[in-house]
Amino acid sequence: MAHKQAKYRSDYRAPAFTIDTVELDFDLHDNATRVTSVLGVRRLGPGALELDGEQLKLISVAVDDVELDADAYILNEHQLIISDLPDECTLTLVTEINPSANSALEGLYKSGGAFCTQCEAEGFRRITYYVDRPDVLAVFTTRITADARQFPYLLSNGNLQQQGECENGRHFAIWHDPHPKPAYLFALVAGDFDRLQDTYTTTEGRDVCLEVFVDKGNLSRAEYAMVSLKKAMQWDEERFGLAYDLDRYMIVAVDFFNMGAMENKGLNIFNSKYVLADQNTATDWDFIHVESVIGHEYFHNWTGNRITCRDWFQLSLKEGLTVFRDQEFSSDLGSRAVHRIDAIRVMRSHQFNEDASPMAHPIRPDKVVEMNNFYTVTVYNKGAEVIRMLHTILGEEGFQRGMQRYRQRHDGQAVTCEDFVAAMEAANDVDLSQFRRWYSQAGTPVVNITERYDASTGELTIRCQQQTPATPGQTDKAPVVIPLLFSVFDARGQRLAVEHEAIKRHESGSELLVLDQAECEFTLSGFAKRPIIAWLENFSAPVKLEREVALDDYALLLAHAEQEVTRWEAAQQMYLHVLLQAVEQGGALTLPQGLLNALRQALQAPLDNALKALIFTPPSAEELSEYYSSDVPLAAIEKAGKALRQQLALALQPDFAALFDQLQASDDDLSGPAMATRAMANRCLYFLAYAAPQQYADLIAKRATRRGNMTVQQGALEIAVHLELPNRDNILASFLEQWQATPLVMDKWFAAQASAVTATTVNEVQQLTDHSLFTLRNPNRVYALLATFCRNSLRFHQADGAGYRLVLDVIKQLNNLNPQVAARLITPFLQWRRYDAKRQEQLKSCLSELQQLDDLAPDLAEKIASALES
Ligand code: TRP
Ligand code: ZN
């Protein structure tokens, strides 16, 4: 493949031509689908018309119905360029594509028996020649023709205008979408499905027909998705004042999909993982994810579709904002604390890692080779944290004022992150110039806090410093705006009032101090004794906090803090303190009595069981590794982690046993309390099996193989595999037999084995790549086995390099089959500098081996180059 050129954000120029109308005609056939595209083209400025196209067979080009000779245009591997066009004309393009040969799952492809499309970011150019950039907004009309028996449903964006029979057993449908949209939001589906139908009436009085299409036989597993969709529609009206704008909203679930789901206008296409759910096959977290992804794609209708991105550097404009919206949706409907903790863990275990990697980029990147590489935790999740900081600074009312202004100014436009911030600024009459650095600076800021208490004056002096480490291409970092939420407590855990001109009581209940200097110092007074402060409550900024740790202070916060997230955080800090100290000793660990007492108290406290389950989830090896920028002490991390869990299990065994007996929830109860009960029951069982494997093996086998509730089954399966219970092979075999015909459940079976930290893990994962149910063609299956293994840093980095070679081999095969998926697996190789010399050599040699492939996909090439040159 020819070397792909980098694009720079600063090079943005409007296109020479825009497209106002598109009439598409698809004559669907497995191997040769003919696409006729009639474009209403209009000149915006000087220059030729540059149409993008990849892997297309061009049949003909006509301008205003006059066919062009081949010398009237330039055709290369990536573009069709036509000069000397009139200011307005009609361009007719006929191309041919081969959907069944499309294993990259971009453009038009077959998933199972159905045709479907994926056009974001630059997939539309694999369907036909087009000005494939998000600032070209056109009104689409789509005609689809296909075999009537095989493909009873023919779907596209907007409203159904006409349908009918053709000859040869084929039929057609014509769809029209009145809302101008960029090509990345185009969608087409043709297939045979079961269809779940419902209606929703918007506050504006519009009756919307809702449809969820799933593979035959799966109708009952689509109900939760439909319920979630209606909740999302209502929530967006109530919280954001945004109502749906078409008469029809369709969701199609497909098994072969590179990502989670896609917000195509009026026709979302979903990975079936985020649609299909019933208590037999989906865990409680699966249900939560269905609700949040359904919400996410629905919320894009306003933040992404009605107001879209000017160019792909602005991706966080729609993704950061929409993740923020889906997080708020989940938090308003379920436990706010549990969802917040989930988001914090994603930031600490994945985003901080990306910020410290050769591929580190600001939430609004400056340079991109392959756009697919920038659908990242930085753009999505750190992007959402940046929106959340605005929300914290402006408050809910101010934030919604800004949203209204954003909509008034930009509805129907393709805009930039700058436009969003400017709308927030104008609506609130504030100056956000310094805040904008969050959009341009990469890297995780480190905030250092020191406290000095003077008993003679009752004064507490607090010093805050911030500093952002250099990232590739960005050495000088300026101070950013950090909203710091905190609470002050006395030694008995009573909340103390704070008086200071720079600090105000925030609507969340915490104090708010906004840091904007590299360094600041301030003094609080009136403390008879040294007060105790919970800093960075609710993870109010995406930063690392450095401060002196006093275990007793955290024990107090765990027991008494008002906010649930603060209590969880206190437990995490206690674990971290003990673990990091143990790692310094090569992994030898003795649990301090103070930590044990605090945890025993928490176990018995009347806390939400879901929160308790999180409190009893110590930091992962991956999170611990974040504390080391070189020579990550893997062996010591593994040893310390195991010792912590083992000692905790033994010390609290009677407490876990007593609690476990009280935690009963019926299998079909999907309420919050029932889910919380199951979560904590699984945590108890995990520690019980750690303490007494023989004693609990039978119970765990029963739970792992009894059909009725997947949270119970998967929880037990993972315990059996991760703790290598004596009956683990039998349990795996029974589970396989029970679920071999249900792909989404089999993914759990593969993932359980790939996430184990045992002596046999690498071998087993290797063998599983040859399992009859394993296939490189299904991204869900690849992620379940190999992305899970890549995240298992203790085994991926196994000293003999076997983990590296196993993943390398898969990446080589995926380079040809599906580069987008291949590029997701390469992530842990990029961080080679963080490991010891031997591992560095091995990781680097894997990267150079890939670099030498002569058909290396740009997705991989970009990441490898960044890793080797930085
Ligand atoms: N816009 C989608 C979302 O966040 C992301 C997405 C779905 C995507 N499929 C993709 C991005 C394929 C790139 C390629 O909801
Ligand atoms: Zn999205």
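Going along each chain's sequence as written, the residues are numbered from 1 onward. Written order determines the labels here, with chains lettered from A and ligands numbered from 1. Reporting of local features is limited, given that this is a predicted model, to residues whose pLDDT is at least 70; pairs of side-chain atoms are given and counted only at 80 or more, and all residues count toward the totals for whole chains, interfaces and linings. Side-chain measures here rest on the full set of heavy atoms in the structure, leaving out hydrogens and waters.

**Brief notes about the overall build of the protein chain**
Line of reasoning, step 1. A run of H or I in DSSP counts as a helix once it spans at least four residues, and a run of E counts as a strand once it spans at least two, with each numbered from the N terminus. When you go through the protein chain residue by residue, the secondary structure sums to 27 helices and 33 strands.
Line of reasoning, step 2. In terms of overall dimensions, the protein chain has C-alpha extents of about 90 × 65 × 60 Å along its principal axes.
Line of reasoning, step 3. Working definition: with a 1.4 Å probe on protein chains only, accessible area under 20% of the residue-type maximum means buried, over 50% means exposed, and in between means partly exposed. Looking at the 870 residues of the protein chain, the share that counts as buried comes to 62%.
Line of reasoning, step 4. Put simply, of all contacts in the protein chain between residues at least 6 apart along the chain, 71% involve residues at least 24 apart. Whether two residues are in contact is decided by their heavy atoms: any pair within 4.5 Å suffices.

**Some words on the sheet that holds strand 33 (residues 544-547)**
Line of reasoning, step 1. Note: two strands are recorded as paired if DSSP finds a minimum of 2 bridges between them. Strand order in the open sheet formed by 4 strands is 31-26-25-33, with mixed pairing between adjacent strands. Among the strands making up the open sheet, the edge pair consists of strand 31 (519-525) and strand 33. For this sheet, the mean inter-axis angle between neighbouring strands, taken without regard to orientation, is 20°.
Line of reasoning, step 2. The pairing of strand 26 (residues 459-467) with strand 31 spans 7 bridges and is antiparallel. Among the inter-strand pairings, Ile-462 is bridged to a residue of strand 31, identified as Phe-522. Here an axis means a line fitted to C-alpha atoms, over the contact stretch when the element is a helix, while the angle between two N-to-C directions is reported on a 0 to 180 degree scale.

**Overview of the state of the cysteines**
Line of reasoning, step 1. Here, a disulfide means two cysteine sulfur atoms that sit within 2.5 Å of each other. Summed over all chains, the structure comprises 0 disulfides.
Line of reasoning, step 2. Here Cys-464 stays free of any disulfide, with the sulfur of Cys-520 as its closest cysteine sulfur at 4.4 Å.
Line of reasoning, step 3. With relative accessibility at 1%, the residue Cys-464 sits in the buried group.

**Structural notes on the coordination of the zinc ion (ligand 2)**
Line of reasoning, step 1. In this structure, His-296 (NE2), His-300 (NE2), Glu-319 (OE) and Glu-319 (OE) serve as the protein donors to the zinc ion (ligand 2), at separations of 1.9 to 2.7 Å.
Line of reasoning, step 2. Coordination geometry of the zinc ion (ligand 2): the 6 donor atoms subtend angles of 45 to 160° at the metal centre, consistent with an arrangement described as irregular.
Line of reasoning, step 3. Donors, by definition, are the N, O and S atoms found within 2.8 Å of a metal, the threshold being 3.2 Å for Na, K and Ca, and water is not counted, so a site can look incomplete. Sequence spacing of the donors to the zinc ion (ligand 2): H-x3-H-x18-E. One end of the pair, His-296, is in helix 2 (residues 284-299); the other, Glu-319, is in helix 3 (residues 315-333), with 23 residues separating them in the sequence. Each of the two residues, His-296 as well as Glu-319, counts as buried. Square planar and octahedral assignments, for four and six donors respectively, both demand that opposite donors be over 155 degrees apart and that all other angles lie between 65 and 115; tetrahedral needs four donors with all angles between 85 and 135 degrees, and anything else is irregular.

**A few points about the site of ligand 1**
Line of reasoning, step 1. Around ligand 1 sit 16 residues, and of these Glu-120, Ala-261, Glu-263, Glu-297 and Tyr-380 come closest.
Line of reasoning, step 2. In the model, an oxygen atom of ligand 1 is placed 2.7 Å from a nitrogen or oxygen of the Glu-297 side chain.
Line of reasoning, step 3. For ligand 1, the accessible surface in isolation is 370 Å², of which the surrounding protein chains cover 97%.
Line of reasoning, step 4. Those elements that place two or more of their residues in the shell around ligand 1 are strand 20 (261-262), helix 2 and helix 3.
Line of reasoning, step 5. Only Asp, Glu, Lys and Arg are considered charged in this grouping, and only Ala, Val, Leu, Ile, Met, Phe, Trp, Tyr, Cys and Pro are considered nonpolar; every other residue, Gly among them, is considered polar. Taken together, the residues that form the shell around ligand 1 break down as 6 nonpolar, 5 polar and 5 charged. Here, proximity means that at least one heavy atom of the residue falls within 4 Å of the molecule or strand. What qualifies as a polar contact is a pair of N or O atoms within 3.5 Å, subject to a donor-acceptor requirement within protein and to the restriction that residues adjacent in sequence count only when both atoms come from side chains. Methods summary: accessible areas were calculated by the Shrake-Rupley approach with a probe of 1.4 Å, and residue burial reflects only the protein chains presented.

**Notes on unusual backbone geometry**
Line of reasoning, step 1. The linkage connecting Glu-120 with the following residue, Ala-121, adopts the cis geometry, with an omega of -5°.
Line of reasoning, step 2. Mapping Ala-121 onto the fold places it in the loop between strand 11 (114-118) and strand 12 (138-147).
Line of reasoning, step 3. For Leu-105, which is not a glycine, the phi torsion comes out positive at approximately 60°.
Line of reasoning, step 4. Note on placement: Leu-105 falls in the loop between strand 9 (88-97) and strand 10 (107-111).
Line of reasoning, step 5. One non-glycine residue with positive phi stands out, namely Glu-724, at about 45°.
Line of reasoning, step 6. In this fold, Glu-724 is placed in the loop between helix 17 (710-722) and helix 18 (728-739).
Line of reasoning, step 7. Assessed through its relative accessible area of 43%, Glu-724 is described here as partly exposed.

**Some words on the UniProt feature "domain: Peptidase M1 alanyl aminopeptidase C-terminal" (unreviewed entry) in the protein chain**
Line of reasoning, step 1. UniProt positions are given in the numbering used here, feature names are shortened, and annotations may be inferred rather than shown by experiment. Mapped onto the present numbering, the UniProt feature "domain: Peptidase M1 alanyl aminopeptidase C-terminal" (unreviewed entry) falls at residues 552-868.
Line of reasoning, step 2. Overall, residues 552-868 shows 73% helix and 0% strand. The separation of its end C-alpha atoms is 45 Å.

**Re the packing of aromatic side chains**
Line of reasoning, step 1. Stacked, tilted and edge-to-face are the three classes assigned to paired rings of Phe, Tyr and Trp, where Trp is represented by its six-membered ring and a pair needs centres within 6.5 Å; plane angles under 30 degrees give stacked, over 60 edge-to-face, the rest tilted. Applying the stated criterion to the full structure yields 35 aromatic pairs.
Line of reasoning, step 2. Aromatic side chains Tyr-153 and Phe-213 sit 5.0 Å apart centroid to centroid with 70° between the ring planes, which places their arrangement in the edge-to-face category. With Tyr-153 in strand 13 (residues 153-156) and Phe-213 in strand 18 (residues 207-214), this residue pair connects regions lying 60 residues apart in the sequence.
Line of reasoning, step 3. Chaining the aromatic ring pairs together yields one cluster made of Trp-235, Phe-240, Tyr-244, Tyr-249, Tyr-298, Phe-299 and Phe-329.
Line of reasoning, step 4. Only when the NZ atom of a Lys or the CZ atom of an Arg is both within 6 Å of the ring centre and within 35 degrees of the ring normal do we say a charge sits over the ring. Lying over the aromatic face of Tyr-12, Arg-310 brings its terminal NZ or CZ to 3.6 Å of the ring centre.

**Let's talk about the environment of Ala-704**
Line of reasoning, step 1. Here Ala-704 is to be found in helix 16 (residues 693-705).
Line of reasoning, step 2. For Ala-704 and Arg-824, which are 120 residues apart along the polypeptide, the C-alpha to C-alpha distance reads 31 Å.
Line of reasoning, step 3. With sequence-adjacent residues up to four places away left out, Ala-704 is seen in contact with Gln-713, Ala-716, Leu-717, Ile-731 and Phe-735.

**Comments concerning the sheet that holds strand 16 (residues 188-191)**
Line of reasoning, step 1. With respect to topology, 4 strands assemble into an open sheet ordered 10-11-16-13, the strand pairing being antiparallel. Taken across any chain shown, the strands that pair with only one partner, and hence form the sheet edges, are strand 10 and strand 13. Neighbour-to-neighbour, the strand axes of this sheet turn through a mean angle of 20°, independent of strand direction.
Line of reasoning, step 2. Where strand 10 lies against strand 11, 5 bridges are found, and the strand directions are antiparallel. Among the inter-strand pairings, Lys-110 is bridged to a residue of strand 11, identified as Phe-115.

**Here we look at the side chain of Glu-291**
Line of reasoning, step 1. Relative to the elements of secondary structure, Glu-291 occurs in helix 2.
Line of reasoning, step 2. With a relative accessible area of 8%, Glu-291 lands in the buried category.
Line of reasoning, step 3. Discounting chain neighbours no more than four positions away, the residues touching Glu-291 are Tyr-224, Ser-228, Lys-231, Phe-329, Ser-330 and Leu-333.

**Quick word on the side chain of Glu-354**
Line of reasoning, step 1. As for its placement among the helices and strands, Glu-354 is situated in helix 4 (residues 336-355).
Line of reasoning, step 2. Lys-863 provides the closest opposite charge to the buried, unpaired Glu-354, separated from it by 6.4 Å.
Line of reasoning, step 3. Among all residues touching Glu-354, those that are not within four sequence positions of it are Met-359, Ala-360, His-361, Thr-376, Val-377 and Thr-378. Residues counted as positive are Lys and Arg, residues counted as negative are Asp and Glu, and His and the chain ends are not counted. The term salt bridge refers to a pairing of a side-chain nitrogen on Lys or Arg with a carboxyl oxygen on Asp or Glu at a separation within 4 Å.

**A few points about the pairing of strand 16**
Line of reasoning, step 1. What you see with strand 16 is no split at all: Leu-188 and Ala-190 on one side and Val-189 and Gly-191 on the other are buried throughout.
Line of reasoning, step 2. Bridging between strand 11 and strand 16 involves 2 bridges; their strand directions are antiparallel. Residue pairing in the sheet places Cys-116 in a bridge with Val-189 of strand 16.
Line of reasoning, step 3. Pairing between strand 13 and strand 16: 4 bridges, direction antiparallel. Each bridged residue has a counterpart across the sheet, and for Leu-154 the counterpart in strand 16 is Ala-190.

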